Amino acid sequence: MPATSLLSDIRIADMTTVIFGPYCTQTLGDMGAEVIKLEPKTGDTFREVGKPANTRGMGPCHMTINRGKRSVVWDMKSDEGQQAVRKLIETSDVFIHNIRPDAVARLGLTFDEVKAIKPDIVYVHCLGFGAEGPYAGRPAYDDLIQSLSGATNLLPQVDGNEAPRFLPTAFADKVSGLHAMYATLAALHHRDRTGEPVHVEVPMFECVSNFLLEEHFYEAAFDPPVGPYYYQRQIDPSRQPVRTQNGWITIAPYVDHRWVTLFDAIGAPDELKDERINDYRGRYFNHDYMMSRVQAHFVNFTTEQLLDMLGKADIPAARVNDISDLREDPHLKAVNFFQRRDHPTEGGYWEVQPPVRFVGQAERVIRPAPRLGEHSDEVLKELGLGKTTSGD
């Protein structure tokens, strides 16, 4: 599944760093947009995350999240560097950054200043917090946003351990990055219809709070509340993977008749004679007991046996993979989700393909992640400018 070329007429001047903004621009780049990454002399700090590859600043996370982009390093303190940035903005459709408001003002790159350079610019500001609230201007990181949004209190609702815990992925950054991506596309659509510039703010705190409250506002969404926060099914301690003879499996019968079919499939229909689970109401209100009986039987079968039996009975089920198992997952292998490539300087590496397929559209191979400043002179030449110096 090579990347599509749907956005091949869009140029993005990208001054974002780490994950939030770069995940947005990586996704847009996968869809064909030309992304030019403006970096300081020291580079995006995310280049150094993980065991470094052969070249400094080419760590594994950079290889993933900055694929498809070109990297330029220009001295923003010099007249030549400022001229280059202005010229790039002048020829771009989107200017995106995650610089705090006071710092972006010092750089002369506020919305009004950028709009003066490119009157129909789509200006995307990746923020920690909306500009109108009391948290505006504060630094924001994934850990801080997980804490403020309540994400760190999800696991305690399930297991009874009162200690707040982070979800072990850059959850807030990536959720916010996808919000930034669709907002950019909507702004481009508006610009194309009206010719007007669009100023987009994408605040992490609001993005993640919105994401979580879709279901976890739950019965407190009514005024007055008719019940608690948290979608109860999501925090049910008994709704967890089940141990098998040689691993773990997840089942999702959901509708009641499938629970009846499940006990038949594993050869234990007599379990449903127990008055606690012998009718729909009992199975609904005694789900924890029912799952304990499922567990008692599942340990007598291998994961493979259960997947076969449940599949024949039309009971939704899946093995529980480790991240390291995904490379050998038969479905992902069949759709060529992982592709081995050779980087011009870093050697062999595995690339995860874009998950969305645009059927029948032209496709292209994704450009490998750039070395720091690799395209500085190349882009300057395209802009009709001479060489400039790199900056701090």
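Residues numbered from 1 in each chain as written. Predicted model: local features only at pLDDT ≥ 70, side-chain atom pairs only at ≥ 80, totals over all residues. Heavy atoms only, no water.

Engineer: A description of the sheet that holds strand β4 (residues 69-72) should follow, citing residues and the corresponding values.
Structural biologist: Pairing is parallel in the open sheet, where six strands are placed in the order β4-β3-β2-β5-β6-β7. If you trace the sheet from one side to the other, it starts and ends with β4 and β7 (198-203), each paired once. Each strand of the sheet is rotated relative to its neighbour by a mean of 20°, with strand direction disregarded. As judged from the six bridges shared by strand β6 (residues 122-127) and β7, these two strands associate in the parallel manner. By the bridge assignment, Val-124 is partnered in β7 with Val-200. Packed onto the sheet, helix α3 (residues 79-90) meets β2 (11-15), β3 (34-38) and β5 (94-97) and runs at close to 160° relative to β3. (Pairing = 2+ DSSP bridges. Helix = DSSP H or I, 4+ residues; strand = E, 2+ residues; numbered from the N terminus. Axes fitted to C-alpha atoms, helices over the stretch in contact; angles between N-to-C directions. Contact = heavy atoms within 4.5 Å.)

Engineer: So what's going on with helix α6 (residues 142-149)? Residues and values would help.
Structural biologist: Among all positions of α6, only Asp-142, Ile-145, Gln-146 and Ser-149 are buried. Projected down its long axis, α6 carries its buried residues within an arc of 100°, all on one side. Looking at the buried positions of α6, the neighbouring elements they touch are α8 (171-194) and α9 (204-216). Immediately downstream of α6, the backbone of Gly-150 shows phi near 95°, a positive value. (Buried < 20%, exposed > 50% of the residue type's maximum accessible area, 1.4 Å probe, protein only. Arc of directions from axis to C-beta.)

Engineer: So what about the nonpolar core? Which residues, and what values?
Structural biologist: With 37 residues, the main nonpolar core has Ile-12, Leu-28 and Val-94 as its most contacted residues. Every element with two or more residues in this core is listed here: α1 (20-30), β5, β6, α7 (154-159), α8, β7 and α9. The element contributing the most residues to this core is α8, with eight residues. Here Leu-28 is in contact with Leu-7, Ile-12, Ala-33, Met-181, Thr-184 and Leu-185, once residues within four sequence places are set aside. Ranked by size, the runner-up nonpolar core spans 24 residues in total, among them Ala-84, Tyr-123, Leu-380 and Leu-383. (Core = buried A, V, L, I, M, F, W, Y, C linked by side-chain atoms within 4.5 Å.)

Engineer: Quick rundown of the side chain of Asp-14? Include the residues and the values.
Structural biologist: By the secondary structure assignment, Asp-14 is in strand β2. A distance of 2.6 Å separates a polar atom in the side chain of Asp-14 from a polar atom in the side chain of Thr-16. In this structure, Asp-14 is in contact with Thr-25, Val-35, Ile-36, Lys-37, Leu-38, Lys-69 and Ile-96, ignoring residues within four places of it in sequence. (Polar contact = N/O pair within 3.5 Å; in protein donor to acceptor, adjacent residues only side chain to side chain.)

Engineer: Could you give an account of the side chain of Lys-69, with specific residues and numbers?
Structural biologist: Its location among the elements puts Lys-69 in strand β4. A distance of 2.9 Å separates a polar atom in the side chain of Lys-69 from a polar atom in the side chain of Thr-25. Apart from the residues within four sequence positions on either side, Lys-69 is in contact with Asp-14, Pro-22, Thr-25, Gln-26, Val-35, Lys-37, Arg-367, Pro-368, Pro-370 and His-375.

Engineer: How would you sum up the pattern of salt bridges? Please name residues and give values.
Structural biologist: Once their charged atoms are close, side chains differing in charge can pair, the charge on each being opposite to the other. This model, assessed by the stated rule, comprises 26 salt bridges. Here Glu-39 and Arg-47 are joined by a salt bridge, their closest N and O atoms 2.8 Å apart. Taking the shortest distance from any N to any O, the salt bridge between Arg-340 and Asp-342 comes out at 3.1 Å. Look at Arg-340 and you get exposed, because its relative accessible area is 51%. Since its relative accessible area comes to 56%, Asp-342 is described here as exposed. (Salt bridge = Lys/Arg side-chain N within 4 Å of Asp/Glu carboxyl O.)

Engineer: Explain the packing of α1 against α8 to me, using residue names and the numbers behind them.
Structural biologist: With their axes 7 Å apart at the nearest point, α1 and α8 run at an angle of 50° to one another. With respect to α8, the element α1 is oriented oblique. Between α1 and α8 the crossing geometry is right-handed. Note on element contacts: α8 touches α1 through Asp-173, Lys-174, Ser-176, Gly-177, Leu-178, Ala-180, Met-181, Thr-184 and Leu-185, opposite Phe-20, Tyr-23, Cys-24, Thr-27 and Leu-28. (Parallel < 35°, antiparallel > 145°, perpendicular 65-115°, else oblique. Left-handed = near helix turned anticlockwise from the far one by under 90°.)

Engineer: Describe the sheet that holds strand β8 (residues 242-243), naming the residues involved and giving the relevant values.
Structural biologist: The pairing of strands in a sheet comes from backbone hydrogen bonds and takes either a parallel or an antiparallel form. Here three strands make up an open sheet; going across it, the order is β8-β9-β10 and the pairing antiparallel. In the strand order of this sheet, the two ends are held by β8 and β10 (317-319), each with one partner. Sheet analysis places β8 next to strand β9 (residues 248-251), joined by two bridges and oriented antiparallel. For Arg-243, the partnering residue across the bridge sits in β9 and is Trp-248.

Engineer: Talk me through the packing of helix α10 (residues 256-265) against helix α12 (residues 287-298); I want residue IDs and the actual numbers.
Structural biologist: Packing of α10 against α12 leaves a shortest axis separation of 11 Å and a crossing angle of 25°. By the angle class used here, α10 and α12 are roughly parallel. Crossing of α10 over α12 shows left-handed handedness. Facing α10, whose interface residues are Trp-259, Leu-262 and Phe-263, α12 presents His-287, Met-290, Met-291, Arg-293, Val-294 and Phe-298. A per-class count over the contact of α10 with α12 returns seven nonpolar, one polar and one charged. (Nonpolar A, V, L, I, M, F, W, Y, C, P; charged D, E, K, R; others polar.)

Engineer: For the packing of aromatic side chains, give the residues involved together with the corresponding values.
Structural biologist: Inspection of the entire model under this criterion finds 11 aromatic pairs. Aromatic side chains Phe-129 and Tyr-135 sit 5.3 Å apart centroid to centroid with 80° between the ring planes, which places their arrangement in the edge-to-face category. Judged by relative accessible area, Phe-129 falls into the buried class, the value being 5%. Ring pairs connect the aromatic residues Phe-95, Phe-111 and Tyr-123, which therefore count as one cluster. A cation over an aromatic ring shows up here: Arg-276 above the ring of Tyr-289, its NZ or CZ 3.8 Å from the ring centre. (Phe/Tyr/Trp six-rings, centres within 6.5 Å; stacked < 30°, edge-to-face > 60°. Lys NZ or Arg CZ within 6 Å of the ring centre and 35° of its normal.)

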